[in-house]
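# Structural characterization, general
Okay, here's what each chain looks like letter by letter:
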Amino acid sequence: MALLRSRKDAPNARVAGKRPLRGRFTALAGILLVAFSAREAVSAASPLLGQIGADLPFDALTTGILGMLPTASFAVMGFLALPLVRRVRLEYLLLVAILLTTLGQLGRAGGWNVQAFLAFTCVAMLGIGLVNVVVPPLLMKYFPDRIGILAALHVTLLGVSTAVAAQFAIPLGTLYGWRFSIGIWAALSAVAALPWLTLLVAGRTLAPSGTPAADGRSLPSADGVKPWRSSIGWGTALVFAGCSSNTFAALTWLPVVLLDRGMSQETAGSMLALYSILALPVALMVPMVVVRMSRPLPVAVLFVAAFAIGYGGIIFAPPASAGIWVVIAGLGQGAYSFAFTMINKRTRTQSGSGSLSAFAQGTGYALASIGPFLFALLHTPGDGWLPSFGMLGAWLVALVAGAIMVNKPRMLEDQRPVPKRAPKIQVP
């Protein structure tokens, strides 16, 4: 489809055309390493719940809390980051995020009880939540001319990191124990900090124009950009809520559901890895397709359909065919790529991107945190998990509603409140 966006619809920095990557390789390496190390903490624990439960007495309530911690922590950090992205240099915020993720993973690997395990998991998830918020404005800052391809690579590597941890969780846990299996990924997080430390030590960051920044301050915020007063802000938040409630419920509970249907623990872990890795093909394609569509609603509807069909098969089809339905449901994860891409598609400035990213992810993940928690509470033995998946279906409706709200081609920066007129003074 031809690109149908007007000049007004493109970020200021994009209209200058493509620029060579020379001088931006360090930032590119930093963004890709952060993406590759960002999601192991999310998917590394759920395949090991059986082994962890032998040492730490998890029950249905604490397992439900563990399942909702990613989305709840992402929400908290989204709200906290909203003022920070306007006042603190993005590179510093990203380093703080990496530090939190690393310490959280190491801490929960040494967790001495359930409470400590949950507390350190929360620390790691807060770090990942800050990464989620900071990356879109960083892409706008360093690569405004390559938003589509860089967004695709970022989301693809998020899927890789999720799948790698899920696939190797059981083998590493069997060989070296669950503490090693969930703690080893902290090394990747630490490595991801190196390019950003290099940039800061060298004093080489880019202003939006692509020239070295004159100072270390972050860009001033765009006056009047208030995502909570815009249908773009609320629509993007609903898309994040819909896709995240489904994705994180699956990352936490899919192995449990498959075990309940008679699958072995190792095979169920492999199914989770398969589910996770299926985010890769759609993550590569979705951003580059969405940026070329003036109204990308059909893309979101396609992913909603994939989720719904996959869930139906997992619930009602014979267990031997579970792999087919896991594949179909896994393709629905492309909705996250859609949500991530819409942040920069519906903004034209670094400040607008940061504000929309923080608000949409804070609000969206706050709503989404209900999904993984209720998934456990709605289940009773013998119900076939139908009420739990029905709840996820309701979130798919919310996803479609949000996609409709952001479908119209317009920009967040243009939706500013009309200034109040000064009262007229009548002269006698």
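For clarity, every value in this text was computed on a predicted model and none was experimentally measured.

Further remarks concern the packing of helix α18 (residues 370-377) against helix α19 (residues 386-405). Contact geometry for α18 and α19: axes closest at 8 Å, N-to-C directions at 155 degrees. As the angle between them shows, α18 and α19 are arranged roughly antiparallel. α18 and α19 meet at a crossing whose hand is right-handed. For the pair α18 and α19, the contacting residues are I370, G371, L374 and F375 in the first and S388, F389, M391, L392 and W395 in the second. Residue classes in the contact of α18 with α19 are distributed as seven nonpolar, two polar and no charged.

The tally for this structure, following the rule as stated, stands at 19 aromatic pairs. Ring centres of Y142 and W196 lie 6.1 Å apart, and the angle between their planes is 70 degrees; this geometry places the pair in the edge-to-face category. A residue pair is termed long-range when its members are at least 10 positions apart, and Y142 in helix α6 (residues 114-142) and W196 in helix α10 (residues 194-202) qualify at 54 residues. Of the two residues, Y142 and W196, neither departs from the other in class, the shared state being buried. A ring pair is formed by F240 and Y365, whose centres lie 5.9 Å apart and whose planes are at 55 degrees; its orientation type is tilted. A residue pair is termed long-range when its members are at least 10 positions apart, and F240 in helix α11 (residues 231-260) and Y365 in helix α17 (residues 350-368) qualify at 125 residues. Take Y365: its relative accessible area is 0%, and that puts it in the buried class. Ring-pair connections join several aromatic residues into one group, and the members of that group are F74, F240, F248, Y336, F340 and Y365. The cationic tip of R89 hangs over the ring face of Y92; the distance from NZ or CZ to the ring centre is 5.5 Å.

Moving on: a nonpolar patch on the surface. Taken together, the side chains of I149, L153, L284, M285, M288 and V289 make up a nonpolar region of the molecular surface, amounting to roughly 460 Å² of accessible area. Mapped onto the nonpolar patch, the elements with two or more residues apiece are α7 (147-176) and α13 (279-290). By residue number, the principal contributor to the nonpolar patch is α13, which donates four residues. Checked against the element boundaries, I149 lands in helix α7.

Glancing now at the environment of P137. Position of P137 relative to the elements: it lies in helix α6. Note on P137: relative accessible area 1%, which makes it buried. Every residue in contact with P137, bar those within four places of it in the chain, is listed here: L90, Q350, S353 and G354.

Residue-level pLDDT values for the protein average 80, and 86% of them are 70 or greater. Ignoring residues within four places in sequence, the model shows residues 1-17, a span with pLDDT below 50, making 37 contacts including any to other chains. Across residues 422-428, confidence stays below pLDDT 50; counting only partners more than four residues off in sequence or on other chains, it has zero contacts.

Moving on: helix α14 (residues 297-316). The end-to-end C-alpha distance of α14, which contains 20 residues, comes to 29 Å, matching closely the 28 Å that a straight helix rising 1.5 Å per residue would cover. Residues V299, A300, F303, V304, A306, F307, G310, Y311, G313, I314 and I315 constitute the buried set of α14.

When their charged atoms lie close together, side chains carrying opposite charge are able to pair. All chains considered together, the criterion is met by two salt bridges. For the salt bridge of E91 with R89, the shortest nitrogen-to-oxygen distance reads 3.4 Å. By relative accessible area, which is 13% here, R89 ends up buried. Where E91 meets K141, a salt bridge forms, and the shortest distance between an N and an O atom there is 3.0 Å. Placement of the pair is E91 in helix α5 (residues 90-109) and K141 in helix α6, with a sequence separation of 50 residues. Residues E91 and K141 agree in their burial class; the two are buried. Among the ionic contacts, a cluster of salt bridges with common partners joins R89, E91 and K141.

Note on soluble globular proteins: their nonpolar side chains tend to be buried together. Counting residues in each nonpolar core, the largest one holds 103 residues, and the members touching the most others are W196, F338, F375 and F389. With 13 residues, α11 is the largest single contributor of residues to this core. F338 has contacts with V239, V286, V290, P296, V299, A300 and A403, leaving out every residue within four places of it along the chain. Formed by 20 residues, the second largest nonpolar core is a distinct cluster that contains L49, I52, L69 and L118.

Turn by turn, an α-helix covers 3.6 residues, leaving residues three or four places apart pointing in a common direction. With 12 residues, α13 extends 16 Å from end C-alpha to end C-alpha; this agrees with the ideal 16 Å at 1.5 Å per step. Of all the residues in α13, the buried ones are A279, L280, V282, A283, V286, P287 and V290. Projected down its long axis, α13 shows its buried positions confined to an angular sector of 160 degrees, all on one face. The secondary structure elements touched by the buried residues of α13 are α7, α12 (265-277), α14, α15 (322-331) and α16 (334-345).

The next thing to look at is the side chain of R108. As for its placement among the helices and strands, R108 is situated in helix α5. Here R108 sits buried without a salt bridge, and the closest side chain of opposite charge, E40, lies 9.2 Å off (N-O distance). Of the polar contacts made by the side chain of R108, one reaches the backbone oxygen of A41; its length is 2.7 Å. Separated by 3.3 Å, the side chains of R108 and T121 make a polar contact. Ignoring any residue separated from it by four or fewer positions in sequence, one finds R108 in contact with A41, A44, A45, F117, F120, T121, M125, W178 and I182.

What counts as what
Residues numbered from 1 in each chain as written. Predicted model: local features only at pLDDT ≥ 70, side-chain atom pairs only at ≥ 80, totals over all residues. Heavy atoms only, no water. Axes fitted to C-alpha atoms, helices over the stretch in contact; angles between N-to-C directions. Helix = DSSP H or I, 4+ residues; strand = E, 2+ residues; numbered from the N terminus. Parallel < 35°, antiparallel > 145°, perpendicular 65-115°, else oblique. Left-handed = near helix turned anticlockwise from the far one by under 90°. Contact = heavy atoms within 4.5 Å. Nonpolar A, V, L, I, M, F, W, Y, C, P; charged D, E, K, R; others polar. Phe/Tyr/Trp six-rings, centres within 6.5 Å; stacked < 30°, edge-to-face > 60°. Buried < 20%, exposed > 50% of the residue type's maximum accessible area, 1.4 Å probe, protein only. Lys NZ or Arg CZ within 6 Å of the ring centre and 35° of its normal. Patch = residues over 30% accessible without salt bridge, like charges linked within 9 Å, V, L, I, M, F, W, Y side chains within 5 Å. Areas by Shrake-Rupley, 256 points an atom, 1.4 Å probe, with all protein chains shown as cover. Salt bridge = Lys/Arg side-chain N within 4 Å of Asp/Glu carboxyl O. pLDDT = per-residue confidence, 0-100. Expected span 1.5 Å × (residues − 1). Core = buried A, V, L, I, M, F, W, Y, C linked by side-chain atoms within 4.5 Å. Arc of directions from axis to C-beta. Lys, Arg positive; Asp, Glu negative; His and termini not counted. Polar contact = N/O pair within 3.5 Å; in protein donor to acceptor, adjacent residues only side chain to side chain.

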